[in-house]
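Structural features, examined
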Amino acid sequence: MKTCFRNGRVVLVLRGKYSGSKAIILAKNSNTYKKGVKTFIVAGIRKYPQNISRKMSSKKISKKSRMKIFIKKINMNHVLPTRFFIDLSKTSKDLVNEKIDDYKDFIEKNTENKGKILKEKINFSFFLKNIFLDQFFSGKQKWFFKKLRF
């Protein structure tokens, strides 16, 4: 049976602190805590950018277009896949895949040292935030950067 969970798939987070938010699957995690439980590393938007109009100044536009992201290892049962894909690696495919693999390997190796994991997570989140901002200002996936209303 083929799985619909591939890298770049947009999913909705169903459980936890970020429930109801959109996220992108970055990698499948091969190392699982329990036998048979599949986990993913996902990145999503914690704080969405606000609406921007043409008559706003550049200072106000830069303030309103700020966003915060989250990176989380999440169980397969706690996400809902959508039909959409976002290719984060259009501009620099090798660099994005390399960063994702490095982050995944780092988390699997250093499970005890929380300080090192936190520093690596912050560096990786800055990298992803810049990619998300590029996608936002390109204006192609506007629906991804709007808050879900339900």
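Residues numbered from 1 in each chain as written. Predicted model: local features only at pLDDT ≥ 70, side-chain atom pairs only at ≥ 80, totals over all residues. Heavy atoms only, no water.

**Focus on the confidence of the model for the protein chain**
Of all residues in the protein chain, 89% have pLDDT values of 70 or greater, and the mean over the chain is 81. When pLDDT is averaged over each element of the protein chain, strand 1 (residues 9-13) comes out on top at 92 and helix 2 (residues 93-109) at the bottom at 74. (pLDDT = per-residue confidence, 0-100. Helix = DSSP H or I, 4+ residues; strand = E, 2+ residues; numbered from the N terminus.)

**Description of the environment of Phe136**
Along the chain, Phe136 turns up in helix 3 (residues 114-138). Residues Phe136 and Pro49, 87 residues apart in the sequence, show an inter-C-alpha distance of 9.0 Å. What Phe136 contacts, discounting residues up to four positions off in sequence, is Pro49, Ile52, Ser65, Met67 and Phe145. (Contact = heavy atoms within 4.5 Å.)

**Quick look at a positive patch on the surface**
A cluster of basic side chains, namely Lys17, Arg46, Lys47, Lys59, Lys63, Arg66, Lys68, Lys72 and Lys121, defines a positive patch on the protein surface. Counting residues per element, the ones that place at least two in the positive patch are strand 3 (39-47), helix 1 (58-64) and strand 4 (68-75). Note that Lys72 resides in strand 4. A residue is classified by how much of its surface remains accessible, and Lys72, at 33% relative accessible area, is partly exposed. (Patch = residues over 30% accessible without salt bridge, like charges linked within 9 Å, V, L, I, M, F, W, Y side chains within 5 Å. Areas by Shrake-Rupley, 256 points an atom, 1.4 Å probe, with all protein chains shown as cover. Salt bridge = Lys/Arg side-chain N within 4 Å of Asp/Glu carboxyl O. Lys, Arg positive; Asp, Glu negative; His and termini not counted. Charge placed at Lys NZ, Arg CZ, Asp CG, Glu CD. Buried < 20%, exposed > 50% of the residue type's maximum accessible area, 1.4 Å probe, protein only.)

**Considering the packing of aromatic side chains**
The relation between two aromatic rings is expressed through the spacing of the ring centres and the mutual angle of the planes. Evaluation of the coordinates by the stated rule reveals 10 aromatic pairs. Ring centres 4.1 Å apart and planes at 0 degrees place the aromatic pair Tyr18 and Phe70 in the stacked group. Of this pair, Tyr18 sits in the loop between strand 1 and strand 2 (22-29) while Phe70 sits in strand 4; the two residues are 52 residues apart in sequence, bridging distant segments of the chain. Among the residues examined, Tyr18 registers a relative accessible area of 14% and is labelled buried. Since its relative accessible area comes to 4%, Phe70 is described here as buried. Measuring from centroid to centroid gives 5.9 Å for Trp143 and Phe144, while their planes differ by 85 degrees, and the two rings are edge-to-face. For Trp143, a relative accessible area of 31% puts it in the partly exposed group. One aromatic cluster in this structure is built from Phe84, Phe132, Phe136, Phe137, Trp143, Phe144 and Phe145. (Phe/Tyr/Trp six-rings, centres within 6.5 Å; stacked < 30°, edge-to-face > 60°.)

**Some remarks on the nonpolar core**
Within the largest apolar cluster, 26 residues are counted, with the highest numbers of intra-cluster contacts made by Leu26, Leu88, Phe124, Leu128, Phe132 and Phe144. Secondary structure elements with two or more residues in this core: strand 2, strand 3, strand 4, helix 2 and helix 3. In terms of residue count, helix 3 provides more of this core than any other element does, seven residues in total. The residues contacting Phe124, other than those within four sequence positions of it, are Leu26, Ile71, Lys99, Ile100 and Tyr103. Counting 11 residues, the second largest nonpolar core, distinct from the first, contains Ile25, Phe40, Phe70 and Ile74. (Core = buried A, V, L, I, M, F, W, Y, C linked by side-chain atoms within 4.5 Å.)

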